[in-house]
Amino acid sequence: MPESLSFIPIPLETLIEESSPDFDIYLQQGSGEKGVVLYREANLFLSHNQLVRLKHNGIDTVFIRGADRGKRLRYMAGQLRQVMERQNIPTSRKTDIIYGLSKGVVENVMEDPRIENVEICKEVAVQHVAFIISDELAFQNFFKIMSYDYYTHTHSVNVCIFVTALIKALRLCDEQTMKVLGMGALLHDIGKSRIDKAILNKRGRLTPEEFEEIKKHPELGVKIVQDSSPLPAAGANIILNHHEKCDGSGYPRGLNADGIDVYSKITCIVDIFDALTTTRCYKGALPGFSALEIMQNEMRDQVNQALLKELIVLIGKVSRP
Ligand SMILES: [Fe+2]
C-alpha cells in the first residue's frame, strides 16, 4: 500500500505489549484501502496475549493513519525507555523489542531525516548503549537475531550494536562518550537519505559518476545531523570518516591511518563486516569467517588489523556453541 494513501504499514513487532498506543491501529482484511479495518482505538491497553494472537494468525504488519506517524515514533521511543527499565522482561525479549524498534526508527529517518526523527534515533542509540553496557547477554542475543538481509536501516542498527559492543570490550571510553558514539554509529549512513534511490538500489556495477554520488553521503550525513540536532565531535566523526581507509584509499577526504580516529576505524571495520555478511539483491551473504579472512588478507592495508582482531575475538565469544 503506497504511503501517499492515508494508511501506512508498521511491523507488528514495533507495538509494545502492556502499553496503550495513542493512535488507532488497523488491520488489512481485504484489498486496498477499503479493506483496512479498525483493530484497536487509540489509548486502549494492548496486552501480551493480544499481540501473540495476532502473530499466531499470521499477521506481521498492522496499519496506522499517515497523520499518526509522528505519534507512533514518539510512542516507540517512549516505550523503549520503559521496556529497558522493566525488570520482568527477559533479555531475549528486550533484544527483540529494541532491535525491531530500532529498525523502524532508522527506516523512518532515512525516509524523512527531519529533526524529530534524528532525535528519536539518538534516543534509541542511547538505549542500545545502556542495554549493551548493563546486560552481559545483550550482544550475544543481538548477534543471534541480527538481520542478514541488507537494508540501510538494518545495517545501521547492526553497526551500532557491533560498534558499541566492541568499544565496551576494549574499554575505550566512559558511558557518556559511548552514547555519543552509538548515536554516530546508528546514524552513520543518514546521508544516504539524500542520495538518489535509483543509484542506491542499482543491481549492477556503478558508473564512476554514480560512485561519486555515493561518496557524498558521509558529508551529507554530517550536514543533516549538525544542521538539525548536532552531535559532539566523536559521534559526527563516525558519520564523516566511516569510509576512510588506513592506506588513504577511502573517502571523502582520503585520510591515512594517522588522520583517522579510533572510533571511525572501528566503525569502518564493522561497516565492511556487516556489508560482506549480509545479502543484497545482487550478491549473497558471505559466512563470517570468510568475510574476516578477506579483511585480514585482501583488505590488510585498508583496515586496522589490531582492531580487526578484537572484532574476531568478540564474534568468537558469541559464536561458540
Ligand atoms: Fe556508509
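Note that this is a predicted model, so its numbers are computed, not measured.

1. Overview of the overall build of the protein
Step number 1: Looking only at helices and strands, one finds 14 helices and 4 strands in the protein.
Step number 2: Over its C-alpha trace the protein gives a radius of gyration of 20 Å, about what one expects of a compact globule, namely 20 Å for 321 residues.
Step number 3: Principal axes of the C-alpha set define a box for the protein whose edges measure 55 × 45 × 35 Å.
Step number 4: For the protein, the share of sequence-separated contacts (at least 6 apart) that also reach a separation of at least 24 residues comes to 71%.

2. Considerations on the domain arrangement of the protein
Step number 1: Taken domain by domain, the protein holds domain 1 (1–66) and domain 2 (147–319).
Step number 2: The distance between the C-alpha centroids of domain 1 and domain 2 comes to 34 Å.

3. A few points about helix 11 (residues 233–241)
Step number 1: Every buried residue belonging to helix 11 is among G235, N237, I238, I239, L240 and N241, and all of these are buried.
Step number 2: Packed against the buried residues of helix 11 are helix 7 (175–186), helix 10 (217–228) and helix 12 (262–276).

4. What to know about the environment of N297
Step number 1: Take N297: it is sitting in the loop between helix 13 (288–296) and helix 14 (305–319).
Step number 2: As a C-alpha pair, N297 and I115 span 182 residues in sequence and 41 Å in three-dimensional space.

5. Quick look at the confidence of the model for the protein
Step number 1: Overall, the prediction assigns the protein a mean pLDDT of 91, with 98% of residues at 70 or greater.
Step number 2: Considering each helix and strand of the protein separately, the mean pLDDT is smallest for helix 2 (residues 69–85), with a value of 80, and largest for helix 11, with 98.

6. Some words on the packing of helix 10 against helix 11
Step number 1: Their axes nearest at 7 Å, the elements helix 10 and helix 11 cross at an angle of 150°. By the angle between their axes, helix 10 is roughly antiparallel relative to helix 11. Mapping the contact onto sequence places P218, E219, G221, V222, V225 and Q226 in helix 10 and A236, I239 and L240 in helix 11.
Step number 2: A class-by-class count of the residues in the contact of helix 10 with helix 11 yields 6 nonpolar, 2 polar and 1 charged.

7. Things to note about unusual backbone geometry
Backbone phi values are negative for most residues with the exception of glycine, while trans is the configuration of most peptide bonds.
Step number 1: The step from Y251 to P252 runs through a cis peptide bond, and the omega angle for that step is 10°.
Step number 2: With a phi angle near 60°, E18 is a residue other than glycine that sits in the positive phi range.
Step number 3: Along the chain, the position of E18 falls in the loop between strand 1 (7–11) and strand 2 (25–28).
Step number 4: By the C-beta count within 10 Å, which is 15 here, E18 ends up partly exposed.
Step number 5: Unusually for a residue other than glycine, R171 sits at a positive phi of about 50°.

8. Details of the packing of helix 3 (residues 91–111) against helix 6 (residues 152–170)
Step number 1: Relative to each other, helix 3 and helix 6 sit at 125°, their axes nearing to 8 Å. Relative to helix 6, helix 3 is oriented oblique. Every pair of crossing elements has a handedness; the one defined by helix 3 and helix 6 is right-handed. In contact with Y99, S102, K103, V106, E107 and M110 of helix 3, helix 6 contributes T152, H153, T154, S156 and V157.
Step number 2: Looking at the contact of helix 3 with helix 6 residue by residue, the class counts come to 4 nonpolar, 5 polar and 2 charged.

9. Here we look at the environment of F23
Step number 1: Structurally, the position occupied by F23 is in the loop between strand 1 and strand 2.
Step number 2: In the structure, F23 is positioned 294 residues away from K317 in sequence and 42 Å away in space, judged by C-alpha atoms.
Step number 3: Here F23 is in contact with A42, I64, D68, K71 and R72, once residues within four sequence places are set aside.

10. Quick word on the nonpolar core
Step number 1: Ranked by internal contacts, the top residues of the largest apolar core, which has 77 residues, are V105, C121, V124, V163, L186, I269 and V270.
Step number 2: Looking at this core, you find at least three residues from each of domain 1 (1–66) and domain 2 (147–319).
Step number 3: When residues no more than four places from it in sequence are discounted, the contact partners of C121 are V105, V106, V109, L186 and L187.

The rules behind these values
Residues numbered from 1 in each chain as written. Predicted model: local features only at pLDDT ≥ 70, side-chain atom pairs only at ≥ 80, totals over all residues. Helix = DSSP H or I, 4+ residues; strand = E, 2+ residues; numbered from the N terminus. Rg over C-alpha atoms; globule rule 2.2 N^0.38 Å. Contact = placed C-beta atoms within 7 Å. Domains from an automatic or database assignment. Buried ≥ 20, exposed ≤ 12 C-beta atoms within 10 Å, placed from the backbone. pLDDT = per-residue confidence, 0-100. Axes fitted to C-alpha atoms, helices over the stretch in contact; angles between N-to-C directions. Parallel < 35°, antiparallel > 145°, perpendicular 65-115°, else oblique. Nonpolar A, V, L, I, M, F, W, Y, C, P; charged D, E, K, R; others polar. Left-handed = near helix turned anticlockwise from the far one by under 90°. Core = buried A, V, L, I, M, F, W, Y, C linked by C-beta atoms within 7 Å.

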